[in-house]
Amino acid sequence: MLSPMSSSSSRRQSSVFQSAFSSKATRSLAEEDVRRKAAKGGRQRILANEKLVSSQVGGSVYQSIKEAAWYSNRAVVQRVLMYLGLHHVFVGQTEDDSARLFQIKKAPFITPTCLVSRAWLRFARELEILDFTGLKYSLTDASLNKAFTSLRSARTIDLSDCRRINFLTTAFVGACRNVQVLHLSGCALLTDVTLSVITMEMPKISQLFLTSCPKLERISIHKHQTPMLEVLNICNCANITDWAVEQAVKDHPLLRELFMAQAEKLISPNIVSTKLELLNVDGCENMSFSAVHRILEQCPALKYVTLSDNDKMLDERIKKFSRFENIVELNISATFHNDWTINSALENMPNLLMLDCSNSEFVTRPAFEHELLEILVSNMCSDLKDDALANLSSKLPRLRHLAVNHCDALIRPQIGHTGLELLDVSNCVNLFSDKTCRNWLDAPNLRSLYIGHTPNLSDTELENITPGLRQLEELNLYQAGALNKPDLCLLQKLRQINVTNCWYLLQEWVDELHLPNLETIFMNIEDYVSDENLDEGGDPVGW
């Protein structure tokens with residue numbers, strides 16, 4: 001939803017929007033009425049009628065900018081509805097009122113003759129955010145060069161997945177000299193040469209997104225072209241090599257974030273930086289652990305590191321981390337890590353706040369000891385044992401979020417922690433298989449509990465833990481197969497519950513579920529609705 005502009009802006013812009021074509025013969029009386037009301041700058045909401053764009057002129061679709069008043073009343077959502085072809089474009093404010101937005105939601109085509117009026121060109125100069133992602137196959141260089149020749153205020157441009165853009169003509173590029181954030185992900189025609197031309201015309205770029213650009217090989221951006229570059233994303237660029245990455249980092253000493261996920265040709269790039277804070281090499285299957293470890297040593301400012309989904313690390317015997325003082329988030333999921341790897345990370349990263357060590361069959365009983373760790377994710381560790389989660393209150397005193405879903409070896413872990421706020425033990429299919437019904441959870445400050453897809457969860461098992469969950473606000477019981485009619489009366493602060501696919505849950509249980517703060521229930525409506533509680537139109541009564 002687009003938010004309104006300030007009252008001063010509304011008065012200044014009330015007369016900006018005029019028709020793209022001035023021929024009165026092509027306007028109906030209804031169109032004239034819309035234009036006249038918009039010009040008055042009235043407070044009432046004026047929306048363009050979609051039927052007005054159906055008129056045909058000379059066999060082509062009549063293109064026009066539909067006017068709407070700039071409201072001085074901030075309670076009214078300000079929206080200018082323009083039409084390109086037969087579909088609409090939104091122009092207005094971002095949600096936080098921070099920038100003027102131009103966003104194409106969808107359009108089958110856009111012609112080079114549209115949006116050429118003087119009123120439009122004056123308005124385009126003030127746009128700050130341009131989003132063309134709705135024109136995947138229809139936007140062309142000719143369209144851009146015709147309609148956007150002056151974008152002095154533009155700060156963010158998103159051309160993601162615009163497959164027909166090749167930037168061979170530079171009128172549009174030359175009009176965007178103040179752009180700071182540029183999205184070119186999925187532009188299949190983008191080459192090293194055109195990228196060099198683009199960055200030469202946009203010297204203020206600080207964030208550049210080039211995901212899934214198959215023709216890129218050298219990342220032809222130099223320090224004299226983009227000296228302020230801080231974020232570079234080259235994920236899934238299959239032809240990017242070690243040398244290209246090394247030069248990009250070397251030429252941009254202010255680079256803080258580098259995303260290289262799924263870059264298949266990367267083997268052992270020699271990255272050296274004193275400013276780099278984020279490194280993502282997820283899925284770089286040819287990079288070894290030693291190559292990544294060298295990068296960590298040569299980039300002392302790194303804080304956020306993602307090394308996940310790397311099969312090659314299986315072949316290395318030594319997977320122990322050195323001491324890295326600054327790392328606060330580490331993701332080593334799907335790297336065939338073991339208990340030793342986890343223990344070395346926790347031991348040698350004293351400021352670590354988040355650790356994701358998911359998806360490994362070699363994790364069984366890691367120590368899990370750290371003074372500052374707040375988030376621990378160990379999903380899909382099929383051999384993780386119950387005793388690994390014992391005494392978490394003393395081993396991880398600041399733990400807030402714990403996720404151990406899809407851990408088939410967990411049966412009845414004794415989880416006790418006063419600071420725990422979120423716990424995810426869903427899809428642990430052997431949980432409670434011992435049938436002892438012993439209380440296993442003591443977390444008085446828990447806010448969210450995900451315990452769905454546990455076939456052994458019974459009413460008694462759930463009722464045993466509710467006395468210690470007085471602060472619980474979200475409960476997910478998705479496909480908890482053994483539930484019938486659990487008593488949840490002690491969960492007075494519960495706001496949301498999910499009982500979808502709980503096939504044995506009685507319908508009257510929902511009717512009797514009276515909790516003072518309950519706002520949302522997710523369930524299978526076909527199980528609840530019967531012929532008796534349908535109205536004459538076939539809709540559920542009261543829904």
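Preceding this paragraph is the structure being described.
What comes next is a walk through the structure.

Rules and cut-offs
Residues numbered from 1 in each chain as written. Predicted model: local features only at pLDDT ≥ 70, side-chain atom pairs only at ≥ 80, totals over all residues. Heavy atoms only, no water. Helix = DSSP H or I, 4+ residues; strand = E, 2+ residues; numbered from the N terminus. Buried < 20%, exposed > 50% of the residue type's maximum accessible area, 1.4 Å probe, protein only. Core = buried A, V, L, I, M, F, W, Y, C linked by side-chain atoms within 4.5 Å. Contact = heavy atoms within 4.5 Å.

1. Things to note about unusual backbone geometry
One non-glycine residue with positive phi stands out, namely Asn391, at about 60 degrees. For Asn391, the location among the structural elements is in the loop between strand E16 (375-377) and helix H10 (392-395). Taking relative accessible area as the criterion, Asn391 reaches 55% and is therefore assigned exposed. A positive phi angle, close to 55 degrees, is found at His453, a residue other than glycine. Positionally, His453 belongs in the loop between strand E21 (448-450) and helix H11 (459-465).

2. Thoughts on the nonpolar core
Ranked by size, the top nonpolar core spans 122 residues in total, and within it Leu232, Leu330 and Leu477 carry the most contacts. For this core, the secondary-structure elements that each account for two or more residues are helix H4 (141-147), helix H5 (171-174), helix H6 (192-201), helix H7 (242-251), helix H8 (289-298), helix H9 (339-348), H11 and helix H12 (507-511). Ignoring sequence-local partners within four residues, the contact set of Leu330 consists of Val305, Leu307, Phe321, Ala345, Met349, Leu352, Met354, Leu355 and Asp356. Ranked by size, the runner-up nonpolar core spans 7 residues in total, among them Val231, Cys235, Ala261 and Leu278.

3. Describing the environment of Pro269
Mapping Pro269 onto the fold places it in the loop between strand E11 (257-259) and strand E12 (278-280). For Pro269, a relative accessible area of 1% gives the class buried. Remark: the alpha-carbon pair of Pro269 and Ala291, spanning 22 residues in sequence, is separated by 7.5 Å. Filtering out sequence-adjacent residues up to four positions away, Pro269 remains in contact with Asp242, Glu246, Met287, Arg294 and Ile295.

4. A closer look at H6
Working note: α-helix, 3.6 residues per turn, so residues spaced by three or four point in the same direction. Buried residues of H6: Asp192, Thr194, Leu195, Ser196, Ile198 and Thr199, and no others. Elements in contact with the buried residues of H6: H5, strand E8 (181-183) and strand E9 (207-209).

5. Let's talk about the environment of Met287
Structurally, Met287 can be placed in the loop between E12 and H8. Judged by its relative accessible area of 0%, Met287 is buried. Between the C-alpha atoms of Met287 and Lys265, which are 22 residues apart in sequence, the distance is 8.9 Å.

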